[in-house]
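Examining the three-dimensional arrangement
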Amino acid sequence: MINRKTKKISQNNNRNDLIFSYRLLSKKHLNKKTLMNTIITVIERYTKKDIDSLKKELKEEELFFLGLRYLTTTKKAYCQALGIPIEAACRYKRTFEKKGLLVQSSYKIVCPYTGHLAHLISTNPVEFDNLKRIKVNQLSLFS
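Here is a short report on the structure shown in this document. Here the residue index of a chain counts from 1 through its sequence in written order. Owing to the predicted nature of the model, reporting of local features is limited to residues with pLDDT of at least 70; listing and counting of side-chain atom pairs is limited to 80 or more, with chain, interface and lining totals taken over all residues. Processing note: side-chain calculations cover all non-hydrogen atoms of the structure and skip hydrogens and water entirely.

The next point concerns the packing of aromatic side chains. Pairing of aromatic side chains requires ring centres within 6.5 Å, counting the rings of Phe and Tyr and the six-membered ring of Trp. Pairs whose planes differ by under 30 degrees are stacked, by over 60 edge-to-face, and all others tilted. On inspection of all chains with the given rule, the structure shows 5 aromatic pairs. Each ring, one from Phe 64 and one from Tyr 78, has its centre 5.7 Å from the other, and the planes form 70°; the classification is edge-to-face. Note that Phe 64 is positioned in helix α5 (residues 60–70) and Tyr 78 in helix α6 (residues 75–82), a separation of 14 residues in sequence. Note on exposure labels: buried denotes an accessible area under 20% of the residue type's maximum, exposed denotes more than 50%, and partly exposed covers the range between, all computed with a 1.4 Å probe on protein chains only. The class for Phe 64 is buried, based on a relative accessible area of 0%. Here Tyr 78 falls in the buried class, since its relative accessible area comes to 0%. Arranged with centres 4.9 Å apart and planes meeting at 45°, the rings of Phe 65 and Phe 96 form a pair that is tilted. With a gap of 31 residues between them, Phe 65 in helix α5 and Phe 96 in helix α7 (residues 86–99) connect regions that are remote in the sequence. When sorted by exposure, Phe 65 lands in the same class as Phe 96, which is buried. What links up through ring pairs into an aromatic cluster is the set Phe 64, Phe 65, Tyr 78, Tyr 92 and Phe 96. The rule for a charge over a ring is simple: NZ of Lys or CZ of Arg within 6 Å of the ring centre, and within 35 degrees of the ring normal. Sitting above the plane of the Tyr 113 ring, Lys 32 keeps its charged end 4.6 Å from the centroid. Secondary structure is summarised from DSSP: a helix means a run of H or I of at least four residues, a strand means a run of E of at least two, and numbering begins at the N terminus for each.

The structure is reproduced here in structure tokens:
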């Protein structure tokens, strides 16, 4: 028997899955190893290939791009999960940003890996508008 939550999740589209995966990654109770396994699981689920075969058949830059298509997270958490050097990831990020294929959030969140403030990144065009949206906590003088 399928309960309401399971049925609702199965009917939702890719965008809701991305939101769910980010919420899952941002949980405080996840330790670093669980976080890394969750990132890899999300990528394997959407590509339908295991991470080792993806690393063999794709260049590091292509893997960086592909995984961020299915997952919106911080660069540090993502690089640690896939074993990509952070210096190389900075170059890849900048290259894709110049081409308009990657967007960084205009706001900062607490990185699930480091615990410090960091921007979210994604190569999924569905997420671009949400990441560019500015979160303002300031009250408006004129309403």
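Resuming the write-up.
We now examine the pattern of salt bridges. Salt bridges, as used here, are contacts in which a Lys or Arg side-chain nitrogen is within 4 Å of a carboxyl oxygen on Asp or Glu. One pass over the full model with this rule turns up 3 salt bridges. Linking Arg 94 and Glu 97 is a salt bridge whose minimum nitrogen-to-oxygen distance equals 3.8 Å. Residue Arg 94 and its partner Glu 97 are both found in helix α7; the two are separated by 3 residues, about one turn of the helix. Under the relative-accessibility criterion, Arg 94 is labelled partly exposed at 46%. Look at the salt bridges and you will find they share partners, linking Lys 93, Arg 94 and Glu 97 into a network.

Only the stretch in contact is used when fitting a helix axis, every axis being a line fitted to C-alpha atoms; angles between N-to-C directions are given from 0 to 180 degrees. Taken N-terminus to C-terminus, the directions of α6 and α7 make an angle of 120°; their axes are 10 Å apart at the nearest point. Our classification of the angle between α6 and α7 gives oblique. The element α6 and its partner α7 pack so that their crossing is right-handed. Here Lys 75, Lys 76 and Cys 79 of α6 come into contact with α7, specifically with Ile 86, Ala 89, Cys 90 and Lys 93. Here the nonpolar group is Ala, Val, Leu, Ile, Met, Phe, Trp, Tyr, Cys and Pro; Asp, Glu, Lys and Arg are the charged ones; every other residue, Gly included, is treated as polar. Broken down by class, the residue content of the contact of α6 with α7 amounts to 4 nonpolar, no polar and 3 charged. With respect to orientation, any angle under 35 degrees is reported as roughly parallel, any angle over 145 as roughly antiparallel, any angle of 65 to 115 as roughly perpendicular, and every other angle as oblique. Two helices that cross are described as forming a left-handed crossing if the nearer one is turned anticlockwise from the farther one by less than a right angle, and a right-handed crossing if clockwise. Contacts were defined at the residue level, with two residues in contact if any of their heavy atoms lie within 4.5 Å.

Once that is clear, we can look at the nonpolar core. What we call a nonpolar core is a set of buried Ala, Val, Leu, Ile, Met, Phe, Trp, Tyr and Cys residues that are connected through their side-chain atoms within 4.5 Å. If you look at the biggest cluster of nonpolar residues, it comprises 28 residues, and the most contacted ones within it are Ile 39, Ile 43, Phe 64, Tyr 78, Leu 82 and Ile 84. Ranked by residue count, the leading element in this core is helix α3 (residues 32–47), at 6 residues. Aside from chain neighbours lying at most four places away, what touches Tyr 78 is Ile 39, Ile 43, Leu 63, Phe 64, Gly 67, Leu 68, Leu 71 and Thr 73. With 6 residues, the next largest nonpolar core counts Val 103, Tyr 107, Ile 109 and Leu 120 among its residues.

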